[in-house]
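Below are the chains, spelled out letter by letter.
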Amino acid sequence: TVTITLAALGTLAGKVTALGKPVTTYEITCDGPGRDAEKLVEAVDGAYTLERLAPGSFTCKVASDAGTGSGKVDVPAGPATLDFVLTPWASISGVVVSVLDGKPVVGVHAFAGTDAFEQQNIDQVLTGKAPKTDATGHFVVSRVAAGKGTLAIMPADGFTPLGQRDYTATAGQRVDLGTIEIVPPRSGDAGTFGFATSID
């Protein structure tokens, strides 16, 4: 005979605002014990509720067109509250050129954040929405969280960085990283290196 005792679950609720007004559409993600909680919220008053949470410490993030926010909260076996005031997104721009001849490099991806392999960047590649350099080599990465991070230039068909540049961005700021030189991805068939032996 096995007896299973169920623990009471918790509920997290709160409101999301930006510039003193409710944010009506946003995504909220909370990492904690048990399953992670994710929800797309559409609410006129900016309110959200996450139910059936295992009691413990949670780290939550909110993202919307208005900005981003984060917070930590301990959820008991009962209700808890966590409100968010969003910080406006920053953005990053620059131009990518070949280190070999100085010509613009077209069609490479630009990722920005604390980690080039953040899920947001990977999702953008999979959905075809990742920022790319245009015909002049210029790029703009929008929706960049304020703070320190790294910009990574990636080939269109892989995740091996071709170049990187550190940055510090404040809320709402456009950071121009200037010219970034990279060894451009190969186009066309691979070349060959000739090797020969000689007696020394």
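Residues numbered from 1 in each chain as written. Predicted model: local features only at pLDDT ≥ 70, side-chain atom pairs only at ≥ 80, totals over all residues. Heavy atoms only, no water.

A. Molecular detail of the overall build of the protein. Secondary structure assignment for the protein yields one helix and 15 strands. Taking 2.2 N^0.38 as the reference for a compact globule, 200 residues should give roughly 16 Å; the C-alpha atoms of the protein span a radius of gyration of 23 Å, well beyond that estimate. In terms of principal-axis extent, the alpha carbons of the protein reach across some 80 × 55 × 30 Å. A burial count over the protein gives 35% of its 200 residues as buried. Element-wise, carbon and sulfur atoms account for 53% of the exposed surface of the protein, whose accessible area totals about 12,400 Å². Looking at charge distribution, the protein has the averaged site of its 15 positive side-chain charges lying 5 Å from that of its 21 negative ones. (Helix = DSSP H or I, 4+ residues; strand = E, 2+ residues; numbered from the N terminus. Rg over C-alpha atoms; globule rule 2.2 N^0.38 Å. Buried < 20%, exposed > 50% of the residue type's maximum accessible area, 1.4 Å probe, protein only. Areas by Shrake-Rupley, 256 points an atom, 1.4 Å probe, with all protein chains shown as cover. Lys, Arg positive; Asp, Glu negative; His and termini not counted. Charge placed at Lys NZ, Arg CZ, Asp CG, Glu CD.)

B. Quick peek at unusual backbone geometry. For L19, which is not a glycine, the phi torsion comes out positive at approximately 55°. Checked against the element boundaries, L19 lands in the loop between β1 (10-18) and β2 (21-22). One non-glycine residue with positive phi stands out, namely R143, at about 55°.

C. Local environment of the pairing of strand β10 (residues 90-98). Most of β10 is tucked away, with nine of its nine residues classed as buried. Burial along β10 is two-sided: A90, I92, G94, V96 and S98 facing one way and S91, S93, V95 and V97 facing the other are all buried. In terms of strand pairing, β10 meets strand β12 (residues 138-144) through five bridges, oriented antiparallel. By the bridge assignment, A90 is partnered in β12 with V144. Note: β10 against strand β15 (residues 174-182), seven bridges, orientation parallel. (Pairing = 2+ DSSP bridges.)

D. Here's a closer look at the environment of L162. Residue placement: L162 occurs in the loop between β13 (147-154) and β14 (163-169). When the C-alpha positions of L162 and V108 are compared, they lie 9.1 Å apart, and in sequence the two are 54 residues distant. Residues within four places of L162 in sequence aside, it is in contact with V108, I153, M154, P155, I182, V183 and P185. (Contact = heavy atoms within 4.5 Å.)

E. Summary view of the sheet that holds β13. Spatially, the three strands line up as an open sheet ordered β11-β13-β14, and their pairing is antiparallel. This sheet does not close on itself; its edge strands, each paired only once, are β11 (109-113) and β14. Between one strand axis and the next, the sheet turns by 20° as a mean value, whatever way the strands run. Here seven bridges tie β13 to β14, and the two strands are oriented antiparallel to one another. If you follow I153 over to β14, its bridge partner there is G163. (Axes fitted to C-alpha atoms, helices over the stretch in contact; angles between N-to-C directions.)

F. Structural view of the pattern of salt bridges. As enumerated under the stated definition, the model contains one salt bridge in all. Salt-bridge contacts for D65 lead to R143; the nearest nitrogen and oxygen are separated by 2.9 Å. With a gap of 78 residues between them, D65 in the loop between β6 (56-64) and β7 (67-75) and R143 in strand β12 connect regions that are remote in the sequence. What makes R143 partly exposed here is its relative accessible area of 33%. (Salt bridge = Lys/Arg side-chain N within 4 Å of Asp/Glu carboxyl O.)

G. The arrangement of the sheet that holds strand β4 (residues 37-42) in detail. Spatially, the four strands line up as an open sheet ordered β4-β3-β6-β7, and their pairing is antiparallel. Among the strands making up the open sheet, the edge pair consists of β4 and β7. The average angle at which neighbouring strand axes cross in this sheet is 20°, direction not considered. As paired elements, strand β3 (residues 25-31) and β4 share six bridges and run antiparallel to each other. Looking at β4, one finds that C30 is bridged to A37.

H. Representation of a nonpolar patch on the surface in the model. Taken together, the side chains of V2, I4 and L6 present a nonpolar region at the surface, about 410 Å² in accessible area. With respect to the helices and strands, I4 occurs in the segment before β1. (Patch = residues over 30% accessible without salt bridge, like charges linked within 9 Å, V, L, I, M, F, W, Y side chains within 5 Å.)

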